Amino acid sequence: MNAPLQMAVVGHTNAGKTSLMRTLTRKRGFGEVSSRPATTRHVELAEIALGGEALIRLYDTPGLEDSVGLLAHLDGIRQRQGVDWTQAVDRLIADKTLENGFGQEAKALAQVRRVDVALYVVDARDPVRARHRDELEILGRCAVPVLPILNFVADGEAREDEWRRELARKNMHAIVAFDTVVFDETGEITLYAKIATMLDRFKAPLDRLMASLKARRQQLRQASARLIAELLVDTAAARQSYEQKDPAAAVQAAEHIKAAVRTREADCVKALIALHEFADEDYALTDLPIEHGQWTEDPFDPATLAGYGISAGKAAATGAAAGLAVDLMVGGLTLGAAAAAGAALGFLFDTARKHGGKLMDRLSGIAAMTVSDATLMLLATRETALAKALLMRGHGAVTPIAPGAAASPTLPRDIVSTLKTARRHPHWSGINGGSALGGGRRQEVVEQVQKIIAPRLQ
Amino acid sequence: MTAPVKDTSLQDSRLTAEAMAQAAAAPDRQALAVARRTPGGTEAKLIAYFQALPEAGATRHMVRRVQRALGLVMLLGRVLALVAGAATLRTAFGADGGIAINFYGAMISLLGLNTLILLAWAITLAIAPRTAGDNSLGAALLALWRMALTRLGGAGGIPARAALAVGRRVGAARLWVASAVSHSLWAAFLAGACLMAVILLSTRQYVFRWETTILNAESYVALTHALAWLPGALGLPVPTDAAIRAAQWHGGGIIASADQAGWVSLLFSCLILYGLLPRLALLAFSLWRARRIMRAPLDLSRPEFAALVPHLAPVVEHTRIVSPAPDGTPRPAGLSIPDATDLPPPPGPVAVAGWEMETGSALPAPAALDLGLIDGADAMDRAVEALKTSRPRIARLVVIADLSATPDRGVTAGLKRLNAAGPETVMLFTGGAALVKRLGRPQAADRLTDWVSAAHAAGIPLEHMTEIDLADGTNAISQWRKLVGEPA
């Protein structure tokens, strides 16, 4: 086993060093993050491991504060003691008197001198100032490769170009734009890829790490899409029968199915949040209207549909049945296409099982409440929006991600037509009591819906 | 630690994990610890995790039982098909005890339906593979399976979960499972027929014949040649031309044919070459395809597994503080500064310097001396020099600081130098509204406090600090004018 790659995260105070640590380590609780200066005053180590093997040792360091004064101080040491810059840095580190007033900077620089690469974090919203130039000057004299990380690039006020120009003047051409709040998976991969080119002896482990990060990301996307697809199939297959002649029964059935769908959706929200390793109590997780793990807008309220730009359709029911559809149809159950030769036995059996119940209902004057297509569309849209927001939220974020970053995705109507199959199989739905049964066909419909949603989570 | 597991055992472990994953539960600490110690990839760790849960033994047992039960059902089906095949042959050979066998009649009853269904299978597979899996004999079995599942009580119990896990894997491969079931039943049917043929032909004397009412004899000769082509090519005995012609029955008594061996050989050749062998080959192929799907590794993108993955192999196992923080001075809380209107007018000419912001056009009105943005050691030297040499002497220095920057010790050091340059120093903090937008109100208030305490540490008294948002139009202009001594 090779020695792990050692990296120090350095930068001006409040540039987002600890946020970068949190994002890279996926640990929300790492260190302390605030908008105040000198929040981190210690050096903290986190080991990034893959399959039990430590690949990277990542050190969070206190912020550099008075770099202008520090550069002058180092220059003083250099001239007085007749040593070179790197030696001057080492003398500063060795000076334990703290009378020089640079204890915090010395701590950070001591760590920089011990690692393989320093990640220099800048808040790209800041204009380039003398303090930054002096910090780069000092880091450049530590005899360690420096990789600048432009943080907060997703912010409208970011001055990315200005920073790139300035860093180029310092001969730093390998730069990574990586927002710790609005998570960008390519940014993280680029970060490791750049380090791999700078330090090619670590290329093999870094390649493995990158591959695993990509796989995990894909896993999360697919799992999120799967959770949403399961919700949609459960909801589409949900039905509540009632005596057709009894208006009170219709209202009761409507209320029953609505309550079940709301609960089912809340479960989906909970599962999505847990899947992405966030917790309900995370302060303002997204800017989406979710409170205590539940959407504040009712999925059966026509106003909610309008808010998502979904047309409730011309036959939109109102009152108790809003967002629901009443199923009285027996037609449309064509037997034709599927009746392939030799398939008769299984086919007839299946058909009787599928449609026999409905036929019986029809004959006995029983109708069923199901969830309307518009409501299905709404559930699909807003759960996808949530999954997207969660995928984009860096673990370093302490505020909700900016509005617009997770704008409602537009989903194709294919979802509804794919879910039509589920409507014919009440036993596919966990909502109808018991667990969702159904063999390969249900699984296939879930996977089809998953396939439609997953690309929208990119 | 773990011995290399056998294929079936691995398959059982996967099914066990899938069965147990259905019961949503918070991650079990002890099982997680076991999983983390397990070497290998994510799947191995996942399997180890579920294996370490208390219900693992019972679930695994049930998974095996479910599979065995399925196997038994299949065995029963094959036995029935075998018997059916034997019975069909018995009928075709003349259940009435006759000794003349109509060769083509037997062929049609033994191979006709088989071939038709085989063709139907191939066509459905080519045209609509999904329908093939759904609507065939296999699908009927799956439907029965689902009903059995419902009987098992749906959710909750270990039996239901085990059955569902097995059912899901079978269901995922249902197209090939259904094909395999169909091929294996037909293979058993044909094997039964062959077996019965051996028994009957060994114990009784039969004569093969053929007959026709409307067709001519030549077409039967040609048909027999066509059937006999493959067996003949393989070197198996087939009826000679003479034997074929001699076997025609014109009514009346039984014709004794000299060449029964050729007919018997052709019968077995047809049953095996055109019936049994294709079915067995397709059975092997379907089984291979079905197994490949059913033995797929755990799908890590399933939410139940994906949620566990980071716990099994955490990106960061532990963190520790390498170098502790020094005993710091506590943060000041709520240092209050006066409103701009409470500051006295300047006692003389005013100089302006920008800290973290450009001056010049950003100012509502010019001051007597504009030192510009003080950024870095050289700019600081120039500013201090200008303050010392400017005539008439500067009475007040207004340092404008942009609140969007984080104050640090560098700020304190710089302000200390400016404050020592001569004139009284007034701190003006600006950009408050933009900061509230960026950070929110409470954090923006903290930022102001940090700036005030940084300036205070530089020796600037609190009563010489104020906040004016220069972007705030006319209000800002009048306050600014008062501060720099311009007539309002």
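Residues numbered from 1 in each chain as written. Chains lettered and ligands numbered in written order. Predicted model: local features only at pLDDT ≥ 70, side-chain atom pairs only at ≥ 80, totals over all residues. Heavy atoms only, no water.

*Asks:* Would you explain the overall build of chain A in this entry?
*Replies:* Looking only at helices and strands, one finds 14 helices and eleven strands in chain A. Within the span of chain A, comprising 458 residues, buried residues form 56% of the whole. When contacts within chain A are restricted to residue pairs at least 6 apart in sequence, those whose partners lie at least 24 apart make up 76%. Carbon and sulfur atoms form 53% of the exposed surface of chain A, whose accessible area is close to 18,300 Å². (Helix = DSSP H or I, 4+ residues; strand = E, 2+ residues; numbered from the N terminus. Buried < 20%, exposed > 50% of the residue type's maximum accessible area, 1.4 Å probe, protein only. Contact = heavy atoms within 4.5 Å. Areas by Shrake-Rupley, 256 points an atom, 1.4 Å probe, with all protein chains shown as cover.)

*Asks:* I would appreciate a short explanation of the pattern of salt bridges in the present structure.
*Replies:* Any two side chains of opposite charge can pair, given that their charged atoms come close. Residue and element names in this part refer to chain A. One pass over the structure, following the stated rule, counts 29 salt bridges over all chains. A salt bridge links Glu188 to Arg26, with the nearest nitrogen and oxygen atoms 2.8 Å apart. Within this pair, whereas Glu188 is found in helix α7 (residues 185–198), its partner Arg26 is found in the loop between α1 (17–25) and β2 (43–50), the two being separated by 162 residues in sequence. What makes Glu188 buried here is its relative accessible area of 2%. Where Asp207 meets Lys203, a salt bridge forms, and the shortest distance between an N and an O atom there is 2.7 Å. (Salt bridge = Lys/Arg side-chain N within 4 Å of Asp/Glu carboxyl O.)

*Asks:* Sorry, what's going on with the packing of aromatic side chains here?
*Replies:* Aromatic rings in a pair are described by how distant their centres are and how their planes are angled relative to each other. Applying the stated criterion across every chain, the model contains 13 aromatic pairs over all chains. Taken together, a centroid distance of 6.0 Å and an interplanar angle of 70° make the contact between Phe103 of chain B and Phe208 of chain B edge-to-face. Of this pair, Phe103 of chain B sits in helix α5 (residues 103–127) while Phe208 of chain B sits in strand β2 (residues 207–209), placing them 105 residues apart in sequence. The class for Phe103 of chain B is buried, based on a relative accessible area of 0%. Here a set of aromatic residues connected by ring pairs shows up, and it is made of Phe93, Phe103, Tyr104, Tyr206, Phe208, Trp210, Tyr220 and Trp263 of chain B. Taking the ring centre of Phe152 of chain A as reference, the NZ or CZ of Arg125 of chain A above it sits at 4.0 Å. Between Arg292 of chain B and the ring centre of Trp288 of chain B, over which it is positioned, the NZ or CZ distance is 4.9 Å. (Phe/Tyr/Trp six-rings, centres within 6.5 Å; stacked < 30°, edge-to-face > 60°. Lys NZ or Arg CZ within 6 Å of the ring centre and 35° of its normal.)

*Asks:* I keep staring at the state of the cysteines and nothing clicks. Help me out?
*Replies:* Among covalent bonds in proteins, the disulfide is the one between the sulfur atoms of two cysteines. Residues and elements named next belong to chain B. By the definition in use, this model includes zero disulfides over all chains. With no disulfide partner, Cys194 has as its closest neighbouring cysteine sulfur the one in Cys270, 11 Å distant. Look at Cys270 and you get buried, because its relative accessible area is 0%. (Disulfide = S-S within 2.5 Å.)

*Asks:* So what exactly am I meant to see when it comes to helix α16 (residues 409–419) of chain B here?
*Replies:* Residue pairs spaced three or four apart in an α-helix point in one direction, given the helix's 3.6 residues per turn. Residue and element names in this part refer to chain B. Of all the positions in α16, only Gly410, Val411, Thr412, Gly414, Leu415 and Leu418 are classed as buried. Those residues of α16 that are buried lie in contact with β4 (350–355), α15 (377–389), β6 (396–402), β7 (424–430) and α18 (441–457). Where α16 starts, the residue carrying a side-chain oxygen 2.9 Å from the main-chain nitrogen of Gly410 turns out to be Asp408. (Polar contact = N/O pair within 3.5 Å; in protein donor to acceptor, adjacent residues only side chain to side chain.)

*Asks:* What is the right way to look at the pairing of β2 of chain A in this model?
*Replies:* Across a regular strand the side chains alternate sides, sitting on one face of the sheet and then on the other. Residues and elements named next belong to chain A. β2 sits mainly inside the fold: seven of its eight residues count as buried. The pairing of β2 with strand β3 (residues 53–60) spans seven bridges and is antiparallel. Looking at β3, one finds that Ala46 is bridged to Leu58. Linking β2 to β3, which pair antiparallel, is a turn of two residues; within it Gly51 sits at a positive phi near 60°. (Pairing = 2+ DSSP bridges.)

*Asks:* Explain a nonpolar patch on the surface here, please?
*Replies:* All names here are of chain B. On the surface, Leu72, Leu75, Val79, Leu82, Val83 and Leu195 cluster together into a nonpolar patch covering about 540 Å² of accessible area. The element that contributes the greatest number of residues to the nonpolar patch is helix α4 (residues 56–92), accounting for five residues. Tracing the chain through its elements places Leu195 in helix α9 (residues 174–203). Residue Leu195 is classed as exposed on the basis of its relative accessible area, which comes to 52%. (Patch = residues over 30% accessible without salt bridge, like charges linked within 9 Å, V, L, I, M, F, W, Y side chains within 5 Å.)

*Asks:* For this particular structure, what's the right way to read the packing of helix α2 (residues 67–81) of chain A against helix α3 (residues 85–94) of chain A?
*Replies:* For any two helices packed against each other, the geometry comes down to the angle between their axes and how far apart the axes lie. Residue and element names in this part refer to chain A. Here α2 crosses α3 at 105°, and the two axes come no closer than 9 Å. Our classification of the angle between α2 and α3 gives roughly perpendicular. Where α2 approaches α3, its residues Leu70, Leu71, His73, Leu74, Asp75, Ile77, Arg78 and Gln81 are matched on the opposing element by Trp85, Ala88, Val89, Arg91 and Leu92. Taken together, the residues of the contact of α2 with α3 sort by class into eight nonpolar, two polar and three charged. (Axes fitted to C-alpha atoms, helices over the stretch in contact; angles between N-to-C directions. Parallel < 35°, antiparallel > 145°, perpendicular 65-115°, else oblique. Nonpolar A, V, L, I, M, F, W, Y, C, P; charged D, E, K, R; others polar.)

*Asks:* What am I meant to see in the packing of α5 of chain B against helix α12 (residues 260–294) of chain B here?
*Replies:* Residues and elements named next belong to chain B. Taken N-terminus to C-terminus, the directions of α5 and α12 make an angle of 15°; their axes are 11 Å apart at the nearest point. Compared by their axis directions, α5 and α12 come out roughly parallel. The handedness of the crossing between α5 and α12 comes out as left-handed. Residues Phe103, Met107, Leu110, Leu111, Asn114, Ile117, Leu118 and Trp121 of α5 pack against Trp263, Leu266, Leu267, Cys270, Leu271, Tyr274, Gly275, Arg279, Leu282 and Ser286 of α12. Each residue belonging to the contact of α5 with α12 can be placed in one class, and the counts come to 14 nonpolar, three polar and one charged. (Left-handed = near helix turned anticlockwise from the far one by under 90°.)

*Asks:* Hey, could you run me through the sheet that holds β4 of chain B in this one?
*Replies:* In sheet architecture, strand pairing relies on hydrogen bonds along the backbone and comes in two forms, parallel and antiparallel. All names here are of chain B. Reading across from one edge, β5-β4-β6-β7-β8 is the order of the five strands in this open sheet, with parallel pairing throughout. Each having just a single partner strand, β5 (369–373) and β8 (465–467) make up the two edges of the open sheet. The sheet shows a mean angle of 20° between the axes of neighbouring strands, taken without regard to direction. Those strands touched by α16 are β4, β6 and β7, and its axis lies near 165° from that of β4.

*Asks:* Would you explain the side chain of His132 of chain A in this entry?
*Replies:* Residue and element names in this part refer to chain A. Among the secondary structure elements, His132 is positioned in helix α5 (residues 130–140). Taking relative accessible area as the criterion, His132 reaches 3% and is therefore assigned buried. In this structure, His132 is in contact with Tyr120, Asp126, Pro127 and Trp163, ignoring residues within four places of it in sequence.

*Asks:* Honestly, unusual backbone geometry in this entry has me stumped. Any pointers?
*Replies:* Excluding glycine, residues mostly have negative phi values, and the peptide bonds linking residues are mostly trans. That bond from Arg391 of chain B to Pro392 of chain B is cis: its omega, -5°, falls within 30 degrees of zero. Position of Pro392 of chain B relative to the elements: it lies in the loop between α15 and β6. Despite not being glycine, Ala143 of chain A shows a phi value in the positive range, around 60°. Along the polypeptide, Ala143 of chain A turns up in the loop between α5 and β5 (146–151). For Ala143 of chain A, a relative accessible area of 59% gives the class exposed. Phi angles above zero are rare outside glycine, and Phe152 of chain A is one such case at about 60°. The topology assignment puts Phe152 of chain A in the loop between β5 and α6 (160–169). Residue Phe152 of chain A is classed as buried on the basis of its relative accessible area of 15%.

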